[in-house]
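# Summary of the model geometry
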Amino acid sequence: MKTYHHLYSQVCSTENLLLAFKKARKGKTLLEYVVVFEKDLDSNLAVLRTELLLHSYRPLPLQTFILRDPKTRKISVSNFRDRIVHHAICNVLEPLFDRIFIFDSYANRKKKGTLAAIKRLEYFINKVGHNKTIITKFPEKMKVRGFFLKCDIKKYFDNINHKIMLKLINTKVRDKELLFLIKTILNNYHCKEQGFGMPLGNLTSQFLANVYLNELDQFVKRELKAKYYTRYVDDFVIVHNDIKTLHFYKEKIDLFLNHSLCLSLNKDKSIIQPLSRGVSFLGFRIFPYHKILKKKSIQLFYQKIAIFNENFQLKVIDYDPIYNYLEGWLAYSKQANTFNIRNRISAFLENNFYSEISTKEVNRSKQYFLFKQRPELHSLLPYKPIQHQ
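Residues numbered from 1 in each chain as written. Predicted model: local features only at pLDDT ≥ 70, side-chain atom pairs only at ≥ 80, totals over all residues. Heavy atoms only, no water.

### Here's the deal with the sheet that holds strand E6 (residues 271-274)
Going by this rule: At least two DSSP bridges between two strands are needed for those strands to be called paired. The helix and strand labels rest on DSSP assignments: H or I over at least four residues marks a helix, E over at least two residues marks a strand, and numbering proceeds from the N terminus. Note on definitions: angles span 0 to 180 degrees between N-to-C directions of axes, and those axes are lines fitted to C-alpha atoms, for helices only across the stretch in contact. Contacts were defined at the residue level, with two residues in contact if any of their heavy atoms lie within 4.5 Å.
Ordered by their spatial adjacency, 4 strands build an open sheet running E4-E5-E3-E6, and the pairing between neighbours is antiparallel. Since the sheet does not close on itself, it has two edges, and those belong to strand E4 (229-232) and E6, each with one partner. Across the sheet, the mean angle from the axis of one strand to that of its neighbour is 15°, orientation sign disregarded. The pairing of strand E3 (residues 147-152) with strand E5 (residues 235-240) spans 6 bridges and is classified as antiparallel. Considered in E5, the bridge of Asp-152 is made with Asp-235. The strands touched by helix H9 (residues 203-223) are E4 and E5; relative to E4, the strand with the most contacts, the crossing angle is about 170°.

So, in structure tokens, the structure goes:
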């Protein structure tokens, strides 16, 4: 494996810190702490760079809150200047490690994501099912060929071992200064057991989570030779036409996690079932012939919309966050068989927000009329302009 030296100077460079600031600021330009930092940007970045070069940088304590969405999670958020450091590290390390990640690792990577993971799993289901061939000797509920192993790692982020993590990074990064900085960031999170755990909510946590479980990916692909394997963070699925092979995989994976990564499978959530029952993955339930949204996802959506509507009526929020949420959710739900649900949402919008228009819609209209005068620029639009007869 190729190793890299003298990366710390790249992390601390003025250009990289400025790029990191822009990434950390994205979507938060109007927040007070961002505005305050940006007022004296050059000076603030220079102080941060000096601290990094002198090894006197220490992250501020994390702000922790409980999120119920619908699972109860403890989210820990770093101070804004610390988030700039996180981006600076990831700017340098992500391209180096992404080369060694397997194709079917989909979390927090460019050109990947939840929808790509779902499409890949659908492809695997069709391959194993031999394009949904029906086997008549199976009972009614098991007519489609094939089975799946769906696994979840028990309290993954809280059980990540810092020593193992640093050792894994050191196999590729031979830079003591950069390793010391990563160790400082890891130690800023206080878990029940010292030397363990990473906070949900940090960019570095998302990146390092992939580095840690890349060992599992390599084991599954190289040692077990599992062909149809998909992972998103700590949720992963293996599809196979032989149930005995999946039981063998499950046993070997659990042993590997225990011995190599100090992790274990969640026994209640790690199951083997026929494909005909549908695979619950990333908010969808994927069947060989179709996919639907999980009931919990739909219930959570209606709860959020009710809260949004109440806050809008009380004039706590304007229409923009409602529109942005609905636009994202509709794009997400469109991937499943949700025609009726989407119709009900459209009716809800017409009844409750018929006279409202979002900032995003206004900007799109301005952009459309600007480009309308110059048809040769239509290819630059993110959408196709409407052609009026």
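### Some thoughts on helix H10 (residues 243-261)
Our working definition: A helix is expected to span 1.5 Å for every residue after the first. Only protein chains enter the accessibility calculation, which uses a 1.4 Å probe. A residue is then buried if its area is under 20% of the maximum for its type, exposed if over 50%, and partly exposed in between. Pairing of N or O atoms within 3.5 Å defines a polar contact, subject to two protein rules: one partner must be a possible hydrogen donor and the other a possible acceptor, and residues neighboring in sequence count only if both atoms are side-chain atoms.
Its 19 residues place the ends of H10 26 Å apart at the C-alpha level, agreeing with the 27 Å of an ideal helix rising 1.5 Å per residue. Those residues of H10 not exposed but buried are Thr-245, Leu-246, Tyr-249, Ile-253, Asp-254, Phe-256, Leu-257 and Leu-261. Those residues of H10 hidden inside the fold are in contact with E3, helix H7 (162-170), H9, E5 and E6. Near the N-terminus of H10, the side chain that reaches the backbone nitrogen of Lys-244, with its oxygen 3.3 Å away, is that of Asp-242. Of the residues trailing H10, Cys-262 is marked for its positive phi of about 55°.

### Re the sheet that holds strand E7 (residues 279-281)
A sheet is described by the order of its strands in space; here 3 strands give the open sequence E7-E8-E9, paired in antiparallel fashion. Each of the sheet's edge strands pairs with one partner strand only, and the pair in question is E7 and strand E9 (291-293). Taking each pair of neighbouring strands and ignoring which way they run, the sheet shows an average axis angle of 25°. With 3 bridges joining them, strand E8 (residues 284-286) and E9 adopt antiparallel strand pairing. By the bridge assignment, Ile-286 is partnered in E9 with Lys-291.

### Observations regarding the packing of H7 against H9
What counts, and what does not: Note on terminology: angles under 35 degrees are roughly parallel, angles over 145 are roughly antiparallel, angles of 65 to 115 are roughly perpendicular, and the others are oblique. Any residue outside Ala, Val, Leu, Ile, Met, Phe, Trp, Tyr, Cys, Pro, Asp, Glu, Lys and Arg is labelled polar, Gly included; the first ten of those are nonpolar and the last four are charged.
Where H7 contacts H9, the axes come no closer than 10 Å and their chain directions differ by 85°. The orientation of H7 with respect to H9, classified from their angle, is roughly perpendicular. Counting all contacts with H7, which are made through Ile-164, Met-165, Leu-168 and Ile-169, the residues of H9 involved are Leu-208, Val-211, Tyr-212 and Glu-215. Per-class residue counts for the contact of H7 with H9 are 7 nonpolar, no polar and 1 charged.

### Considering the layout of surface pockets
To be explicit about the condition: Grid spacing is 1 Å over the protein atoms alone, the probe is 1.4 Å, and a cavity is where that probe fits but cannot get out, while a pocket is an open set with protein on both sides within 12 Å along at least five of seven lines and lining residues have an atom within 4 Å of a point. Grid points are joined across faces, edges and corners, and a volume is the space filled by probe spheres set on the points.
A volume near 430 Å³ is recorded for the second largest pocket. Lining the second largest pocket are 16 residues, with Lys-23, Cys-90, Glu-94, Asn-108 and Lys-110 positioned closest to its centre. Those elements that place two or more of their residues in the lining of the second largest pocket are helix H2 (14-25), helix H5 (80-98) and H9. When residues of the lining of the second largest pocket are assigned to their parent elements, the largest contribution, 6 residues, is made by H5. Across the lining of the second largest pocket, the residue classes break down as 6 nonpolar, 5 polar and 5 charged.

### Quick word on the packing of aromatic side chains
So the rule is basically this: In this scheme Phe, Tyr and Trp rings, the latter by its six-membered ring, pair at centre separations within 6.5 Å, and the angle between planes marks the pair as stacked below 30 degrees, edge-to-face above 60, and tilted otherwise.
Counted under the stated rule, the structure contains 18 aromatic pairs. When the ring of Phe-301 is compared with that of Trp-329, the centres are 3.9 Å apart and the planes differ by 20°; the resulting orientation is stacked. Remark: Trp-329 occurs in helix H12 (residues 319-333) and Phe-301 occurs in helix H11 (residues 295-313); sequence separation between them is 28 residues. Both rings, one in Tyr-319 and one in Tyr-323, keep their centres 6.1 Å apart while their planes meet at 55°; by these two values the pair is tilted. A residue pair is termed a helical-turn pair when its members lie 3 or 4 positions apart in one helix, as Tyr-319 and Tyr-323 do in helix H12 at 4 residues. The residues Tyr-319 and Tyr-323 share a single accessibility class, namely buried. Following the ring pairs from residue to residue traces out a cluster consisting of Phe-301, Tyr-302, Phe-308, Tyr-325 and Trp-329.

### A short note on the pattern of salt bridges
For clarity, the cut-off: Salt bridge, as used here, is a side-chain nitrogen of Lys or Arg placed within 4 Å of a carboxyl oxygen of Asp or Glu.
As enumerated under the stated definition, the model contains 7 salt bridges in all. Across the pair Arg-120 and Asp-104 runs a salt bridge whose closest N-O atoms are separated by 2.7 Å. Here the residue Arg-120 occupies a position in helix H6 (residues 114-128), and Asp-104 occupies one in the loop between H5 and H6, the gap between them amounting to 16 residues. Among the residues examined, Arg-120 registers a relative accessible area of 25% and is labelled partly exposed.

### Looking at the side chain of Asp-235
The line we're drawing: Under the convention used here, Asp and Glu are negative, Lys and Arg are positive, and both His and the chain ends fall outside the count.
With respect to the helices and strands, Asp-235 occurs in strand E5. Lys-150 is the oppositely charged side chain nearest to the buried, salt-bridge-free Asp-235, at an N-O distance of 4.1 Å.

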